[in-house]
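# Breakdown of the fold
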Amino acid sequence: MHADTLPVPAPPLLEIDDATVLRNGQPVLDHFSLRVDTGRHTAILGPNGSGKSTLVQLIARQLYPLARGDCRSPVRVFGRGRWNVAELHGLLGIVSPALQRDYTSEMPLEVFDAVVSGFYAARGLRLDHRVSEGMRERANAALEQLGASHLIGREMAGLSTGEARRVLIARALVHRPRALLLDEPCAGLDLASRRRFLEGLRTLARGGTTLLLVTHHVEEIIPEIDQVLLLKRGRVLRQGDKADTLTDAALSEAFDLPIRATQRGEWYHAAID
Ligand SMILES: Nc1ncnc2c1ncn2[C@@H]1O[C@H](COP(=O)(O)OP(=O)(O)OP(=O)(O)O)[C@@H](O)[C@H]1O
């Protein structure tokens, strides 16, 4: 095969190159670099205040890094440094606690409208939004995929935490994004709901959506995730496969406590030693 007929490799899902983000004048991400290849399911794990949500906001274009001398954007998603936010969300669905707070506030919003308005990157439908039959079908299919079809007709504000999260993930999925960035998706779920929810994520991961899962909990790292990024105080402490990152030494250093990690089948657990 000639060099010019070789397949072009897909650009990485995410490349962050020496990004610094300040809050109140303090660096909360500090000369931060990271690369995640498309198709490689990844967990971003770290203690409170380590910079996980800041990283999500940086990727989502809700926060900006300090400008660099060479004018190159330090954050590239699918190989591009410049995106309009709606276009970006079509390729990379993002579900965060802030989004959930916004969508479950008292301002009325029905479940199906919450999902189908994802096509317009809007919170609910406006009069000028035309919903085609194709859009309806995709919104219904996404709700079904998340086991949330029975919630159609309900108000978002009246849903439980887990129900609302499923609806918001369905909303992110209407675009058939290549990747999903989920910030603390299991927060507020009881033990059984958490396991059911994680099984749903496993199905998504196996279906070809690259997952970026932000969490404090080793137990939420589904078997399909094979790369872990350990954060500490705004820096990457360690990045690699689970055998290298979910170790007693690495977790103890990240959380500043002696931690013992154990593997049970395909899942990992961590406890204070
Ligand atoms: N709006 C803000 N103004 C000032 N400082 C902030 C703001 N938001 C976060 N920070 C600070 O930035 C640092 C990183 O916070 P961030 O929320 O990104 O961490 P996190 O890893 O997501 O934490 P948690 O697990 O508690 O959600 C913390 O020191 C935090 O106090």
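As the structure is a computational prediction, the values presented were derived from the model and not from experiment.

## Some remarks on the overall build of the protein chain
If you tally the helices and strands in the protein chain, you get nine helices and 11 strands. In terms of C-alpha radius of gyration, the protein chain reaches 19 Å, essentially the compact-globule figure of 19 Å for 273 residues. Principal axes of the C-alpha set define a box for the protein chain whose edges measure 50 × 50 × 50 Å. Counting across all 273 residues of the protein chain, residues that qualify as buried make up 49%. Taking the intrachain contacts of the protein chain between residues at least 6 apart in sequence as the baseline, contacts between residues at least 24 apart amount to 60%. If you sum the accessible surface of the protein chain, you get close to 13,400 Å²; carbon and sulfur atoms cover 51% of it. Distance between charge centroids for the protein chain: 2 Å, based on 34 positive and 33 negative side chains.

## Observations concerning the domain arrangement of the protein chain
Entries for the protein chain in the domain assignment read domain 1 (1-78 + 213-273) and domain 2 (81-177). Distance between the C-alpha centres of domain 1 and domain 2: 26 Å. Between domain 1 and domain 2, the contact holds 10 residues from the first and nine residues from the second. Summing both sides of the interface, domain 1 and domain 2 together bury roughly 790 Å²; the carbon and sulfur share of this comes to 69%. When the buried area of domain 1 at its contact with domain 2 is split by residue, Arg61, Val77 and Phe78 rank highest and sum to 51% of it. Counting across the domain 1 and domain 2 interface gives zero salt bridges. For the pair domain 1 and domain 2, the interface holds two residue pairs in polar contact (both at pLDDT 80 or more). For the side of domain 1 that touches domain 2, the secondary-structure elements that each account for two or more residues are helix 1 (52-59) and strand 4 (75-77). In terms of residue count, strand 4 provides more of the side of domain 1 that touches domain 2 than any other element does, three residues in total. Among the residues making up the side of domain 1 that touches domain 2, the classes are represented as seven nonpolar, one polar and two charged.

## As for helix 6 (residues 161-173)
For helix 6, which comprises 13 residues, the first-to-last C-alpha distance of 18 Å matches the rise-based estimate of 18 Å (1.5 Å per residue) to within 8%. Along helix 6, the positions that sit buried rather than exposed are Gly162, Ala164, Arg165, Val167, Leu168, Ile169, Ala170, Arg171, Ala172 and Leu173. Buried-residue contacts for helix 6 involve strand 5 (92-95), helix 3 (97-103), helix 4 (111-116), helix 5 (133-145), strand 6 (179-183) and helix 7 (191-206).

## Re the site of the ligand
Inspection of the region around the ligand gives Arg23, Asn24, Val28, Pro47, Asn48, Gly49, Ser50, Gly51, Lys52, Ser53, Thr54 and His216 as its neighbouring residues. In the complex, the protein chains occlude 59% of the 620 Å² of accessible area that the ligand would expose alone. Residue composition of the shell around the ligand, by class: two nonpolar, eight polar and two charged.

## Topic: the UniProt feature "domain: ABC transporter" (unreviewed entry) in the protein chain
This chain's UniProt record puts "domain: ABC transporter" (unreviewed entry) on residues 14-258. Annotated as 33% helix and 23% strand, the span residues 14-258 places its first and last C-alpha atoms 32 Å apart.

## Concerning the packing of helix 6 against helix 7
At a minimum axis distance of 12 Å, the contact between helix 6 and helix 7 shows a crossing angle of 10°. Relative to helix 7, the element helix 6 lies roughly parallel. Every residue of helix 7 that contacts helix 6 at Arg165, Arg166, Ile169 and Leu173 is listed here: Ser193, Arg196, Phe197 and Leu204. In terms of residue class, the contact of helix 6 with helix 7 is built from four nonpolar, one polar and three charged.

Basis of the calculations
- Residues numbered from 1 in each chain as written.
- Predicted model: local features only at pLDDT ≥ 70, side-chain atom pairs only at ≥ 80, totals over all residues.
- Heavy atoms only, no water.
- Helix = DSSP H or I, 4+ residues; strand = E, 2+ residues; numbered from the N terminus.
- Rg over C-alpha atoms; globule rule 2.2 N^0.38 Å.
- Buried < 20%, exposed > 50% of the residue type's maximum accessible area, 1.4 Å probe, protein only.
- Contact = heavy atoms within 4.5 Å.
- Areas by Shrake-Rupley, 256 points an atom, 1.4 Å probe, with all protein chains shown as cover.
- Lys, Arg positive; Asp, Glu negative; His and termini not counted.
- Charge placed at Lys NZ, Arg CZ, Asp CG, Glu CD.
- Domains from an automatic or database assignment.
- Buried area = accessible area lost by both parts, 1.4 Å probe.
- Salt bridge = Lys/Arg side-chain N within 4 Å of Asp/Glu carboxyl O.
- Polar contact = N/O pair within 3.5 Å; in protein donor to acceptor, adjacent residues only side chain to side chain.
- Nonpolar A, V, L, I, M, F, W, Y, C, P; charged D, E, K, R; others polar.
- Expected span 1.5 Å × (residues − 1).
- Near = heavy atom within 4 Å.
- UniProt positions renumbered as here; feature names shortened; annotations may be inferred.
- Axes fitted to C-alpha atoms, helices over the stretch in contact; angles between N-to-C directions.
- Parallel < 35°, antiparallel > 145°, perpendicular 65-115°, else oblique.

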